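Understanding the architecture of this molecule
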Amino acid sequence: MTVMVYTLESCGYCKVAKELLTFKNVPYTEVKIPIQMTTRDFKEQFPHVKQFPFIIDEGSNMIGGFSDLQEWLLERENRQLLNEKVSGLSL
């Protein structure tokens, strides 16, 4: 599974979000609005979204926009570090 990133053509935050995901080695699928999906279809599926990029994680949970992505990545890295430390403990 990959992260879904809904983007607009002229969106600077969309570009930076994709670059950050690439830098962090997080696989993602980009859906360009309205090229791959009409704006109307997008608004029907996600009526509460007011900003782009709009990002959904591997489990179909809404991450949000760019700043939410930064927090999500930090939490993800912290969970991975904790799991590595816990798995290294002998009980």
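The structure contained in this document is the topic of the report that follows.

Conventions used here
- Residues numbered from 1 in each chain as written.
- Predicted model: local features only at pLDDT ≥ 70, side-chain atom pairs only at ≥ 80, totals over all residues.
- Heavy atoms only, no water.
- Helix = DSSP H or I, 4+ residues; strand = E, 2+ residues; numbered from the N terminus.
- Buried < 20%, exposed > 50% of the residue type's maximum accessible area, 1.4 Å probe, protein only.
- Phe/Tyr/Trp six-rings, centres within 6.5 Å; stacked < 30°, edge-to-face > 60°.

What follows is about unusual backbone geometry. Most peptide bonds take the trans configuration, and most residues that are not glycine carry a negative phi. Geometrically, the link from Ile33 to Pro34 is a cis peptide bond, its omega value of 0 degrees lying close to zero. Structurally, Pro34 is set in the loop between strand 2 (28-33) and helix 2 (39-45). Of note, the amide linkage connecting Phe52 to Pro53 takes the cis form, showing an omega dihedral of 5 degrees. Of note in this structure, Asn25 is not a glycine but carries a positive phi near 60 degrees. You can call Asn25 exposed: its relative accessible area is 66%. Despite not being glycine, Ser60 shows a phi value in the positive range, around 65 degrees.

Right, let's get into the packing of aromatic side chains. Evaluation of the coordinates by the stated rule reveals eight aromatic pairs. Taking the centre distance of 5.4 Å and the plane angle of 55 degrees together, the rings of Tyr6 and Phe42 count as tilted. Of this pair, Tyr6 sits in strand 1 (residues 3-8) while Phe42 sits in helix 2, and the two are 36 residues apart along the sequence. Accessibility classification places Tyr6 together with Phe42 in one group, the buried group.

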